[in-house]
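Overview (structure and organization)
Residues per chain are reported as follows:
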Amino acid sequence: MSDAALAIDAREVRKTYDHGRVVVLEDVTLQVAVGEYVALTGRSGGGKSTLLNLLGALDRPDSGSLQVAGQDLMKPEHPNRFRREQVGMVFQMHNLLPHLDALGNVGVAMMGSNLSRRDQRARAAELLRLVDLADLGHRRPPQMSGGERQRVALARAIANNPQVLIADEPTGSLDAESRELVLRLMERLRAEEGITVVVVTHDEAVSATADRTLHLRDGRIVAP
């Protein structure tokens, strides 16, 4: 596969903490094609969330090479711009702002973009329609169910048309019905928008929807 066909290209990535005494990732090599849907599984503490943080430029590897959406993340020049424009992130705890309504929470992602305030509001409304929440734009997170909050988080994550969507246990706190809605939405985004999806999960239902499942054990990718 050519480098141009890769959304994620990680080679021999190493990440440690406590001045190198705690090794979290060791020689991780991972290639994900543009438009591919990959699930990462493994026990807690195996390095999954750390890897997602590296892919989202929330942290940097100690060594190796890492490119995401064509950006070199070993020494990113504009990490904030990269996180705003190239990658969308969804977490198990949706991290919505409780004092803002759904429209406002989605709009937050577009602050600093070239869109006017009016266009940001229109884009937020469009995204809420995409995730089947068109009628809940003025509700605040405390007034929504867990599944509704997670769908708002998904809308926020794709507000700036990212090339890569990264999700850390996005269904972990949801009931079965909400989980199915979120899974269908992620597949729909991949199919209709061409977004590359990488999901960390313990949920076999999530893994079953992915093109490929990889297993992280003790900081290394092993056969699932």
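Quick look at the structure, then. Predicted, not measured: the structure shown is a model, and the values here were computed from it.

Quick look at the layout of surface pockets now. Empty space within the largest pocket amounts to approximately 400 Å³. In this structure, the largest pocket is lined by 17 residues; those nearest its centre are Arg83, Arg84, Val87, Ala109 and Arg156. Mapped onto the lining of the largest pocket, the elements with two or more residues apiece are helix H2 (79–85), strand S6 (87–91) and helix H5 (146–157). For the lining of the largest pocket, the leading source of residues is S6, giving 4 residues. Of the residues belonging to the lining of the largest pocket, the class tally is 10 nonpolar, 4 polar and 3 charged.

The next subject is the sheet that holds strand S4 (residues 63–68). The sheet built from 4 strands is open, its strands ordered S2-S1-S4-S5 with antiparallel pairing. Whereas interior strands pair on both sides, the edge strands pair on one side only; in this sheet they are strand S2 (22–33) and strand S5 (71–72). As paired elements, strand S1 (residues 6–17) and S2 share 8 bridges and run antiparallel to each other. For Ala10, the partnering residue across the bridge sits in S2 and is Leu30.

The subject of this paragraph is unusual backbone geometry. Backbone geometry at Asp27 places phi at a positive 55°, although glycine is not the residue there. Structurally, the position occupied by Asp27 is in strand S2. Here Asp218, not a glycine, exhibits a phi torsion of approximately 50°, which is positive. Following the sequence through the fold, Asp218 ends up in the loop between strand S9 (212–217) and strand S10 (220–222).

Secondary-structure assignment places Met93 in the loop between S6 and helix H3 (102–108). For the pair formed by Met93 and Arg149, sequence separation is 56 residues and the distance between their alpha carbons is 9.2 Å.

With that out of the way, let us pick up the pattern of salt bridges. For the coordinates displayed, the defined rule picks out 13 salt bridges. Where Arg84 meets Glu85, a salt bridge forms, and the shortest distance between an N and an O atom there is 3.6 Å. You can call Arg84 partly exposed: its relative accessible area is 26%. The class of Glu85 is partly exposed, set by a relative accessible area of 33%. Shared partners join several salt bridges into a network, and the residues in it are Lys15, Asp59 and Asp62.

This paragraph deals with a nonpolar patch on the surface. A cluster of nonpolar side chains, contributed by Leu97, Val108 and Met111, occupies part of the molecular surface with about 250 Å² of accessible area. As for its placement among the helices and strands, Val108 is situated in helix H3.

Quick look at the side chain of Glu36 now. Locating Glu36 in the fold gives a position in the loop between S2 and strand S3 (37–41). A distance of 2.9 Å separates the side chain of Glu36 from the backbone nitrogen of Ala33, its partner in a polar contact. Excluding its chain neighbours within four sequence positions, the residues that come into contact with Glu36 are Gln31, Arg190, Ile195, Thr196, Val197, Asp211 and Arg212.

Reading the values: the criteria
- Throughout, residues of each chain are indexed from 1 in the direction in which the sequence is written.
- Confidence filtering applies because this is a predicted model: local features only for residues at pLDDT of at least 70, side-chain atom pairs given and counted only at 80 or more, and all residues used for totals across whole chains, interfaces and linings.
- No hydrogens and no water enter the side-chain calculation; it runs on all heavy atoms of the structure.
- Every definition here rests on a 1 Å grid over the protein atoms only: cavities are sets of points where a 1.4 Å probe fits but cannot get out, pockets are open sets enclosed by protein on both sides within 12 Å along at least five of seven lines, and lining residues have some atom within 4 Å of a point.
- Grid points are joined across faces, edges and corners, and a volume is the space filled by probe spheres set on the points.
- In this description a helix means any DSSP run of H or I spanning at least four residues, a strand means any run of E spanning at least two, and both kinds are numbered starting from the N terminus.
- Amino acids outside the nonpolar list (Ala, Val, Leu, Ile, Met, Phe, Trp, Tyr, Cys, Pro) and the charged list (Asp, Glu, Lys, Arg) are all regarded as polar, and Gly is one of them.
- Note on pairing: two strands pair once DSSP finds at least 2 bridges between them.
- A side-chain nitrogen of Lys or Arg and a carboxyl oxygen of Asp or Glu constitute a salt bridge if their distance falls within 4 Å.
- Think of it in three bands: with a 1.4 Å probe and only protein chains considered, a residue is buried below 20% of the maximum accessible area for its type, exposed above 50%, and partly exposed in between.
- To count toward a patch, a residue needs a relative accessible area above 30% and no salt bridge. Like charges then connect within 9 Å, nonpolar side chains (Val, Leu, Ile, Met, Phe, Trp, Tyr) within 5 Å.
- For accessible areas, the Shrake-Rupley method is used with a probe of radius 1.4 Å. Any residue's cover is judged against the shown protein chains and nothing else.
- N or O atoms within 3.5 Å of each other form a polar contact, as long as, within protein, one can give a hydrogen and the other can take it, and as long as residues adjacent in sequence are counted only when both atoms are side-chain atoms.
- Contacts: residue pairs with any heavy atoms within 4.5 Å of one another.

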